[in-house]
Amino acid sequence: MRLHTLALQAFGPFRTRQSIDFDTLSQGGLFLLHGATGAGKSTIFDAVCYALYGNVPGERHQTVLRSHHADPATLTQVELEFSMAGRRLRIVRTPQQERARRDKNGTTLAQAKASLEERHGEDSLGRAVWKPVTSTQQEVAREIEALLGMNRGQFCQVVLLPQGDFAKFLRAKAEDRATVLGRLFGTHRFRDIARWLTDHAKETGQRCDDARRAVLRDIDRIQDTAGAPIVDFVEQPAPTQDSIDTTHPAALAWAQAVHDNATGAHQAATAVLRDARAHHSTRESRAAQVRILAERQRRHRTAAEALAALQAQAPAFENLQATLERGRRAEQARPLIQALDDADRDHQQAQRAEAQARTRLPDTQRDATDENLTAAENRLKNDLGRLDALRHDEQRSDDLAGSLVKLEAELGQAQADHDEIADWLDQADNRRAEHTARIDRAHLAQIQADELAAALPPLERQLAAARRRDELATDIAKAQADVDRLKEAVIHSAAHARGIRDRRIDGMAGELASRLRPQEPCLVCGSPVHPRPATAAADHPSREDEARAEEAYQQADQACKQAEQDLVRLTAEATAAQELADGQTTADLQQRHRAAQQTHKDLLAAAADAVPANEELRTFDETRTTRTSELASLGRRIGDYRGRQETQSTEQEILTLRLSDALAGSPTIAARSAELTAEVEAIARARTAIQQVAVTAGNLERAGRAAAIEIAAAGFSTPEEARHAVITGAELAAKEGELDTWRTAQATHTATLQDPELAEAAAAEPADEQAAEADLTAAADRSEAAAIAESTSRARCQTLLDHIGDLTQNIGQFAPLLEEHHVAKHMADLAAGTSGDNQYRMHLEAYVLAARLEEVAKAANTRLGRMSSGRYLLSHTDARTSGRGRSGLGLEILDQWTGQTRDTATLSGGESFFASLALALGLADVVAQEAGGSRLDTLFIDEGFGSLDDETLEEVLEVLDELRSYSRTVGVVSHVADLRRRIPTQMQVRKSQDGSTVKAMATAPAY
């Protein structure tokens, strides 16, 4: 994958749209990404990751992606153009965010969107032609992951090499290292395999336990069915839970022996049952004969006793016969006696009704005759007629009372409204003065805000100058230190050059002598004879040495002069900034600036009150005019209310006097009418009761004369005697039935005593039925016990056969399950690293990760050797860790200078950096290959270079150059100033109060 362009807006610290041309940055192969802390360097990679995967690295949430500097109308958006597998693609993403409404009234929630397009050549005008691939987030995610062959975590680990994380990974424990490698290589499938093996072992163990329990259940059933006497008679012991795994083949022989013993017990029980049944049959015949004799003797004895009792009741039944004859005669007079009783009852009820009706009459009328009551009733009806004529006056009086109450309420409300408006108008002048003063204050605040707004820009320029002055103070101190250091270097290089020159001059004779050739003239004296030529010292400097020393001195002097010029420039800029800041401190200017801004804000808020204040004054004046008119109207209404109140009160008094005489103390005409109506009804009921008493008296006299004639004809002297002799029809039938039953029972018992069989039985000896039944019960119990024993033994034999069949089947299932479980348990223990055959205690996933880690170490060593000048190599080890730890994921450092291996924690800071960098690059290669061999042409390396010395830094940059030689683009994210000189292609991220911006520079600036 190669990145081409990235555009982002309202994203992180970037307020406006920023575009990054990776093609331009990639021309040099290696570029530097630098900027101040918090400027947004890492946000650029966040944007790349978000464009591809819809989320940022790590645990950050998407809601923090939107820039706090962005305008509400600007949507947060990321656009990335890249090439992959021969295709050029463009992806555009916008997260879920609040955006301004189109009508500019508030905001609305915009949903997240994503679109993927592919480039298909150019049109006739040379413009790129893009065709959509998909526009749904799920399909974009599937397409990207299919193209790259890796998930977001793998991409972040491979494309952005986080040195801090790999320094931790270098020194991590085996468990922590396994977590990282497992996430990158997706070895969870091997963990799933080990888990499946464990689950399979548990499953087979469960099935084996179930089968074992089934066998033991069958053995327990056999023991329970057979019983202890039969089981104890078997010579071999029964299999138990502890021995069933090894003794299950002999369990069937033991079960068969138990069944044989049970069969013998059944044969003995069958013989005992035959004897018991024969004895029971004999006793049953004897008991039947005794029962017949005893029954005949009881029947004869019972009949004799009953006949004697009936004969003793003969006098009572003769009296019953006489009573029945008198009842038949009294029955003839019973209707007239009943009519006499009914007439007497009606007369008494009429008398009681008359007495009750007279209690409802007034005291003066309770003893009045029927004629007097009639006259009183007519007078009351005349009074009721006069009351009906007064109902209209009563209604008018009620209406006037309600009207007066309503007038009183309306008059009170009108008076209260009149008083309230009068009070409001009394205070109106003061309130209007308050509104006018408020408007004046708003105008004054606007004037002051305009004056303060003109004073803010100079103050802001002073504050900017003070801040620049403070920044330059640090730069001046650093520049002064650089000048001092370079001056020392100049002095040192000058002394070194002079020393080289002096030593060369001192040894010039030897240098010249080295050029002498036999028979050639000397360059100094011209003699062709050289008897004693001088010899040059071993460390004599050459002309080249002197030239190099002089060149080093010139370079140091030039660098020192350049540094002095920079110091002068910085000092002059600082002086100008100090003058512009007027000598004030940054803190004081910041405080003045914040105070001025707050005051300006407060004044604008106060000035904004002018419009509502004027509106409220206009409303107040309109209200004042309206309330003045309302006050006059209320005065007129109050006068009208009082006139109507006086007229209606006079009419009400006249009607009240007219009604008071007719009501006679009652509250209303209706109440008085109800009283008179009740008196009329009471008199009418009394007159009716008096008339009914006279009628019932005549009826009673006629019934008495007719009853006396009929009673004398029936042979009775008085009605009471005849009434006492009367017997009802049901009673008469009952007494006649009782007499017939006595006569029939006497005849029946006489016939029973005359039966020959019963007479013969009565003459015999009394039958001993209890003894015969006891013998029969004993014989039956013996027979039943024998039958139960025989049935039990037969059922036991059959049940044992069934249990033996189940045992045979379950043992046949248990044996293969036991063997399967042993194999599954052994495989699960091997995969989990707990088996004794696993010497390294290495589980399956760790075994796979160990192979991956070994590949990573080999890939890392191809670069680590260069970075460490051939000294260090990473070594993977299978050694077991201390305690309960597992083996397989250990890393050691091989020091080739000493031939010893040591722990990675012993590396220094710089050594840890390039070791972790080599490890990161190696892991990136292996992960990319594991993900499908996708080529990653763009890598980012984040920080860590500050811990390297110059020589090691040079080695690391050479390794990065090698990455570039393979057509890879490497982006370095760093604060190290020396890298700005070594890496010419740079991209700078600048931050400000309005948000960050990106600037790309093809050539590094001078530092």
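This text follows the structure it describes.
Residue numbers restart at each chain and count upward from 1, following the sequence in its written direction. Selection of residues for local features in this predicted model requires a pLDDT of at least 70, selection of side-chain atom pairs for listing and counting requires 80 or more, and totals for whole chains, interfaces and linings are taken over all residues. Excluding hydrogens and water, the side-chain figures rest on all heavy atoms present in the structure.

Engineer: Please provide a residue-by-residue account of the overall build of the protein, values included.
Structural biologist: What counts as a helix is a DSSP run of H or I of at least four residues, what counts as a strand is a run of E of at least two, and both are numbered from the N terminus. For the protein, the count of helices and strands is 27 helices and 17 strands. Relative accessibility thresholds used throughout: buried, under 20% of the residue-type maximum; exposed, over 50%; partly exposed, between the two (1.4 Å probe, protein chains only). Burial statistics for the protein: of 1007 residues in total, 37% are counted as buried. Of the contacts made within the protein by residues no fewer than 6 positions apart, 76% connect residues no fewer than 24 positions apart. Per-residue and other accessible areas were derived by the Shrake-Rupley procedure at a 1.4 Å probe size, with only the shown protein chains allowed to occlude residues. Put simply, the protein shows about 57000 Å² of open surface, and 52% of that area lies on carbon and sulfur atoms. Contact between two residues is taken to exist if any of their heavy atoms lie within 4.5 Å; hydrogens are not considered.

Engineer: Mind laying out the environment of Ser666, listing which residues take part and the relevant values?
Structural biologist: Position of Ser666 relative to the elements: it lies in the loop between α18 (610-663) and α19 (669-713). Residue contacts for Ser666: discarding those within four places in its chain leaves Ala671, Arg672 and Glu675.

Engineer: Report on the packing of aromatic side chains, specifying residues and quantitative values.
Structural biologist: Given two aromatic rings, one states the distance between the centres and the angle between the planes to describe the pair. Here a Phe, Tyr or Trp ring, Trp counted by its six-membered ring, pairs with any other such ring whose centre lies within 6.5 Å, and the pair is stacked when the planes are under 30 degrees apart, edge-to-face when over 60, and tilted otherwise. The final tally for this structure, using the stated rule, is 3 aromatic pairs. The interplanar angle of 40° and the centroid separation of 6.1 Å between the aromatic rings of Phe11 and Tyr50 together place this pair among those described as tilted. Of this pair, Phe11 sits in the loop between β1 (2-9) and β2 (18-21) while Tyr50 sits in helix α2 (residues 41-53), and the two are 39 residues apart along the sequence. The burial state of Phe11 is the same as that of Tyr50; both residues are buried. Comment: the charge-over-ring label is applied if NZ (Lys) or CZ (Arg) is within 6 Å of the ring centre and within 35 degrees of the ring normal. Over the aromatic face of Trp130 sits the side chain of Arg90, whose NZ or CZ is 4.3 Å from the ring centroid.

Engineer: Would you mind going over the environment of Ala713 in detail, with residue names and values included?
Structural biologist: Mapping Ala713 onto the fold places it in helix α19. A relative accessible area of 66% means that Ala713 is categorised as exposed.

Engineer: I'd like to hear about the pattern of salt bridges, residue by residue, with values.
Structural biologist: Pairs may arise between side chains of opposite charge once their charged atoms sit close together. For salt bridges, the criterion is a side-chain nitrogen of Lys or Arg within 4 Å of an Asp or Glu carboxyl oxygen. Counted according to the given criterion, the structure contains 35 salt bridges. Glu295 is the partner of Arg298 in a salt bridge, and the nearest nitrogen-oxygen pair spans 2.9 Å. With Arg298 and Glu295 both in helix α10 (residues 251-312), this residue pair falls 3 residues apart, about one helical turn. You can call Glu295 partly exposed: its relative accessible area is 37%. Across the salt bridge formed by Arg618 and Glu622, the nearest N and O atoms sit 2.6 Å from each other.

Engineer: Tell me what's going on with the pairing of strand β8 (residues 113-122), and back it up with residues and numbers.
Structural biologist: Relative to β8, strand β5 (residues 87-94) runs antiparallel, the two being bridged by 6 bridges. From the neighbouring strand, Thr94 faces β8, where its bridge partner is Lys113. In this structure, β8 lies alongside strand β9 (residues 128-134), joined through 5 bridges in antiparallel fashion. Across the sheet, Glu117 pairs through a bridge with Pro132, a residue of β9. Counted between consecutive antiparallel strands, the loop separating β8 from β9 contains 5 residues, among which Gly126 sits at a positive phi close to 85°. One bridge is not enough; two strands pair if DSSP finds at least two bridges between them.

Engineer: Give a detailed account of the packing of helix α12 (residues 370-388) against α19, specifying residues and quantitative values.
Structural biologist: Between α12 and α19, the shortest axis-to-axis distance is 9 Å and the interhelical angle comes to 160°. Comparing the axis directions of α12 and α19 gives the class roughly antiparallel. When you trace α12 past α19, the crossing you get is left-handed. Charged residues are taken to be Asp, Glu, Lys and Arg, nonpolar residues to be Ala, Val, Leu, Ile, Met, Phe, Trp, Tyr, Cys and Pro, and polar residues to be all remaining types, Gly included. Taken together, the residues of the contact of α12 with α19 break down into 12 nonpolar, 4 polar and 7 charged. Every axis in this analysis is a line fitted to C-alpha atoms, fitted for helices over the stretch in contact. Angles between the N-to-C directions lie between 0 and 180 degrees. Note that the term roughly parallel is reserved for angles under 35 degrees, roughly antiparallel for angles over 145, roughly perpendicular for angles of 65 to 115, and oblique for everything else. Handedness of a helix crossing follows the sense of rotation of the near helix relative to the far helix, less than a right angle counterclockwise being left-handed and clockwise being right-handed.

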